[in-house]
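For reference, the chains in residue letters:
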Amino acid sequence: GWQGGGQDRVQNQSRGAKNTRTQIDLKSKIEVANSRLASLPLDDATKRPYLEGLLQVSKLQTELRSLRARKFDEPKEENTMARATVVKEILPVVDNFDRAQASLKAQTDAPPAIIDLYEDISADIKFVLETFDMKVIPSVGAEFDYNLHEAVQQVPSEEYDADIVCREFQSE
């Protein structure tokens with residue numbers, strides 16, 4: 001079976017570091033403003049509107065950062081969903097191709113040139129899937145994982161222990 005990976009984690013981590021720096025900068029600016037405000041020779045009734053204004057500015061800045069992050073992430077999510085749809089639709093075709101290749105290899109009278117051609121095409125397909133951050137996940141012989149595998153049936157086996165995948169029907 002195939003499973004997607006994520007380059008986004010590295011980008012999200014660097015953006016997270018930048019957001020943390022921005023938050024620290026904003027907090028220090030607010031602290032400076034508060035200390036300046038505290039040093040003004042004004043009574044509490046006069047300082048209150050200033051403090052409320054600072055609080056409102058801080059909330060608006062937080063809301064703006066959130067909006068920018070959502071605007072930045074939405075196209076990425078749409079792209080990811082589109083890629084996932086394409087890959088999901090093509091996986092059954094890849095499964096059929098793999099079955100045809102296995103059947104051809106089992107034939108003793110199959111021309112070597114055709115077997116080589118199937119192997120070349122198979123390598124090309126795997127390369128393209130890897131460009132979509134897809135990778136083959138272990139199935140046969142691996143412990144069954146509900147997050148990765150879909151059970152079709154349970155069968156007794158002398159070769160495999162319980163909860164071990166003993167046959168793969170489809171990569172999807």
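The model shown is predicted, which means the values in this text are computed figures rather than measured ones.

1. Description of the confidence of the model for the protein chain
Next up, step 1: For the protein chain, the mean per-residue pLDDT works out to 75, and 80% of the residues sit at or above 70.
Next up, step 2: Confidence, read as mean pLDDT per element, is least for strand 1 (residues 2-4) in the protein chain (53) and greatest for helix 3 (residues 112-131) (88).
Next up, step 3: Segment residues 5-15 is flagged for pLDDT under 50; beyond a separation of four residues in sequence, or across chains, it makes nine contacts in the model.

2. Description of empty space enclosed by the protein
Next up, step 1: Inspection of the entire model under this criterion finds one cavity of 30 Å³ or more.
Next up, step 2: Within this model, the largest cavity holds a volume of roughly 30 Å³.
Next up, step 3: Tallied by class, the residues present in the lining of the largest cavity amount to three nonpolar, one polar and two charged.

3. Points about the packing of aromatic side chains
Next up, step 1: On inspection of all chains with the given rule, the structure shows one aromatic pair.
Next up, step 2: An angle of 20° between the planes, with centres 5.0 Å apart, marks the rings of Phe-97 and Tyr-118 as stacked. Placement of the pair is Phe-97 in helix 2 (residues 44-106) and Tyr-118 in helix 3, with a sequence separation of 21 residues.
Next up, step 3: The class of Phe-97 is buried, set by a relative accessible area of 17%.

4. Some remarks on the side chain of Ser-122
Next up, step 1: Relative to the elements of secondary structure, Ser-122 occurs in helix 3.
Next up, step 2: Ser-122 gets classed as buried once you look at its relative accessible area, which sits at 6%.
Next up, step 3: Filtering out sequence-adjacent residues up to four positions away, Ser-122 remains in contact with Phe-97, Asp-98 and Gln-101.

5. Digging into the environment of Gln-153
Next up, step 1: Structurally, Gln-153 can be placed in the segment after strand 2 (134-136).
Next up, step 2: Once the C-alpha coordinates of Gln-153 and Arg-167 are considered, the two residues, 14 residues apart in sequence, prove to be 9.9 Å apart.

6. Quick word on helix 3
Next up, step 1: With 20 residues, helix 3 extends 29 Å between its outermost C-alpha atoms, agreeing within 8% with the 28 Å of an ideal straight helix rising 1.5 Å per residue.
Next up, step 2: For helix 3, the set of buried residues is Ile-115, Ser-122 and Leu-129. Axial view of helix 3: buried residues confined to an arc of 45°, hence all on one face. Facing away from the buried surface of helix 3 by more than 90 degrees, the exposed residues are Ala-113 and Phe-127.
Next up, step 3: One or two positions beyond helix 3, positive phi appears at Asp-133, with a value near 60°.

7. A look at the pattern of salt bridges
Next up, step 1: Applying the stated rule across the entire model yields one salt bridge.
Next up, step 2: Measuring nitrogen to oxygen at the nearest pair gives 3.6 Å for the salt bridge that ties Glu-119 to Lys-105. One end of the pair, Glu-119, is in helix 3; the other, Lys-105, is in helix 2, with 14 residues separating them in the sequence.
Next up, step 3: You can call Glu-119 partly exposed: its relative accessible area is 35%.

How each quantity is defined
- Residues numbered from 1 in each chain as written.
- Predicted model: local features only at pLDDT ≥ 70, side-chain atom pairs only at ≥ 80, totals over all residues.
- Heavy atoms only, no water.
- pLDDT = per-residue confidence, 0-100.
- Helix = DSSP H or I, 4+ residues; strand = E, 2+ residues; numbered from the N terminus.
- Contact = heavy atoms within 4.5 Å.
- 1 Å grid on protein atoms, 1.4 Å probe; cavity = no way out; pocket = protein on both sides within 12 Å on 5 of 7 lines; lining within 4 Å.
- Points joined across faces, edges and corners; volume = space filled by probe spheres on them.
- Nonpolar A, V, L, I, M, F, W, Y, C, P; charged D, E, K, R; others polar.
- Phe/Tyr/Trp six-rings, centres within 6.5 Å; stacked < 30°, edge-to-face > 60°.
- Buried < 20%, exposed > 50% of the residue type's maximum accessible area, 1.4 Å probe, protein only.
- Expected span 1.5 Å × (residues − 1).
- Arc of directions from axis to C-beta.
- Salt bridge = Lys/Arg side-chain N within 4 Å of Asp/Glu carboxyl O.

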